[in-house]
Amino acid sequence: MQIDLSGRHAIVTGGSHGIGLAMAQTLAACGAHVTVFDLDAPTPVDVTNRASLDDAFNRSPVPDIVMINAGTAYLRPIPDTTRDIWDKTLALNLTAVFETLQAASNRMRAAGRPGAIVLTASTNSYDGEENLIAYNATKAGVLGLVHTAANELGPYGIRVNAINPGLIQTRLTADSFNNETVIKEYFRAIPMGRGGQPEEVAKAAVFLSSDWASYITGTTLLVDGGQMACKFGPWRDAEAEFRNSRWQRR
Ligand SMILES: NC(=O)c1ccc[n+]([C@@H]2O[C@H](COP(=O)([O-])OP(=O)(O)OC[C@H]3O[C@@H](n4cnc5c(N)ncnc54)[C@H](O)[C@@H]3O)[C@@H](O)[C@H]2O)c1
């Protein structure tokens with residue numbers, strides 16, 4: 001038995017790169033018809049601009065599946081988190097997420113169509129990783145959107161869930177992945193001993209969007225190699241070595 005999304009129309013925001021691209025590819029591999037809303041697409045869509053967002057929805061069929069994934073992060077300690085950085089982070093990671101959720105669910109409800117919405121949150125929805133105060137605030141806020149939207153949209157047969165990726169290899173995290181010293185210490189605390197790939201997040205998101213998750217709404221799914229399950233991680237130099245960007249037992 002496989003996940004079969006044939007006949008479904010899916011929209012993925014931020015679907016031109018990274019996790020969103022993997023989501024779009026995985027949805028398509030399961031048979032869905034996929035539309036990407038992205039700044040970097042043949043027809044650019046800016047999800048932070050309501051007119052651009054509404055225009056994109058009006059050009060697309062009413063979706064059965066919506067993955068609200070576009071997001072970004074600016075690394076800044078608290079003193080350097082300017083109002084501009086704060087506003088830009090909230091505009092994309094929280095306000096645009098709400099507006100996409102609203103625009104999508106309005107159309108799904110009006111068409112009498114059930115469906116599934118998956119938001120990309122983060123392990124940072126729960127923890128306070130340094131230099132990311134604005135990002136962490138938005139990703140915590142996304143959980144409020146998930147809970148409330150699941151509650152209000154349940155009666156219409158629309159499920160709303162989030163995935164919470166850990167450190168995933170995309171252009172957003174390229175600086176970390178390119179720095180062996182950084183990832184060696186970071187991955188020491190991850191039971192799987194490595195970072196994640198976009199496809200590993202996409203598969204979890206597609207599961208949540210599919211009928212296999214038919215009784216799942218209002219929840220979150222960590223895709224983090226076990227990072228949030230433990231405080232210090234299992235990898236010690238005495239028994240393990242860091243080779244090919246991952247911890248392995250000797
Ligand atoms: N990479 C990670 O480690 C990680 C971990 C947890 C959560 N996330 C979340 O995953 C999501 C995707 O991140 P990624 O790592 O794939 O990043 P990415 O930079 O590779 O991809 C982001 C995509 O969003 C698009 N985008 C940016 N601003 C946009 C706008 N205004 N309108 C439309 N599209 C826009 C970009 O063009 C790009 O295609 C984000 O919400 C991010 O916070 C990432």
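Scroll up to find the structure this text is about.
Residues numbered from 1 in each chain as written. Predicted model: local features only at pLDDT ≥ 70, side-chain atom pairs only at ≥ 80, totals over all residues. Heavy atoms only, no water.

Student: Sorry if this is basic, but what is going on with the pattern of salt bridges here?
Tutor: Pairing between side chains of opposite charge can happen when their charged atoms approach one another. Inspection of the entire model under this criterion finds 13 salt bridges. The shortest N-O distance in the salt bridge between E185 and R188 comes to 2.9 Å. Within this pair, E185 and its partner R188 are both found in helix α6 (residues 180-188), separated by 3 residues, close to a single helical turn. Note on R188: relative accessible area 16%, which makes it buried. For the salt bridge of E200 with R194, the shortest nitrogen-to-oxygen distance reads 2.7 Å. E200 sits in the partly exposed class, given a relative accessible area of 34%. Counted as one network, the salt bridges with shared partners bring together R50, D54, E99 and R107. (Salt bridge = Lys/Arg side-chain N within 4 Å of Asp/Glu carboxyl O. Helix = DSSP H or I, 4+ residues; strand = E, 2+ residues; numbered from the N terminus. Buried < 20%, exposed > 50% of the residue type's maximum accessible area, 1.4 Å probe, protein only.)

Student: Would you mind showing me how to read the environment of L75 here?
Tutor: As for its position among the elements, L75 is in the loop between β3 (65-68) and α3 (83-110). Sequence separation between L75 and S245 is 170 residues, and the spatial gap between their C-alpha atoms is 23 Å. Filtering out sequence-adjacent residues up to four positions away, L75 remains in contact with N131 and L132. (Contact = heavy atoms within 4.5 Å.)

Student: How should I be thinking about the site of the ligand in this particular structure?
Tutor: Among the 28 residues in the neighbourhood of the ligand, the closest are listed as D38, N69, Y135, I168 and T170. Within the contact set of the ligand, a nitrogen atom lies 2.8 Å away from a side-chain nitrogen or oxygen of D46. A distance of 2.7 Å is found between an oxygen atom of the ligand and a side-chain nitrogen or oxygen belonging to Y135. For the ligand, whose unbound accessible area comes to 830 Å², protein coverage reaches 94%. Secondary structure elements with two or more residues in the shell around the ligand: α1 (18-29) and α4 (133-153). When grouped by side-chain class, the residues that make up the shell around the ligand number 12 nonpolar, 12 polar and 4 charged. (Near = heavy atom within 4 Å. Polar contact = N/O pair within 3.5 Å; in protein donor to acceptor, adjacent residues only side chain to side chain. Areas by Shrake-Rupley, 256 points an atom, 1.4 Å probe, with all protein chains shown as cover. Nonpolar A, V, L, I, M, F, W, Y, C, P; charged D, E, K, R; others polar.)

Student: Whenever I open this one, the packing of α3 against α4 confuses me. Can you help?
Tutor: Axes are the key here: two packed helices are described by the angle between their axes and the distance separating the axes. Packing of α3 against α4 brings their axes to within 8 Å, and their N-to-C directions diverge by 15°. Regarding the angle of α3 to α4, the classification is roughly parallel. Judged by the sense of rotation from one axis to the other, the crossing of α3 with α4 is right-handed. Contacts from W86, T89, L90, N93, L94, V97, F98, L101, S105 and R109 in α3 reach I133, A134, Y135, A137, T138, K139, G141, V142, L145, A149 and L153 in α4. Counted by class, the contact of α3 with α4 contains 14 nonpolar, 5 polar and 2 charged residues. (Axes fitted to C-alpha atoms, helices over the stretch in contact; angles between N-to-C directions. Parallel < 35°, antiparallel > 145°, perpendicular 65-115°, else oblique. Left-handed = near helix turned anticlockwise from the far one by under 90°.)

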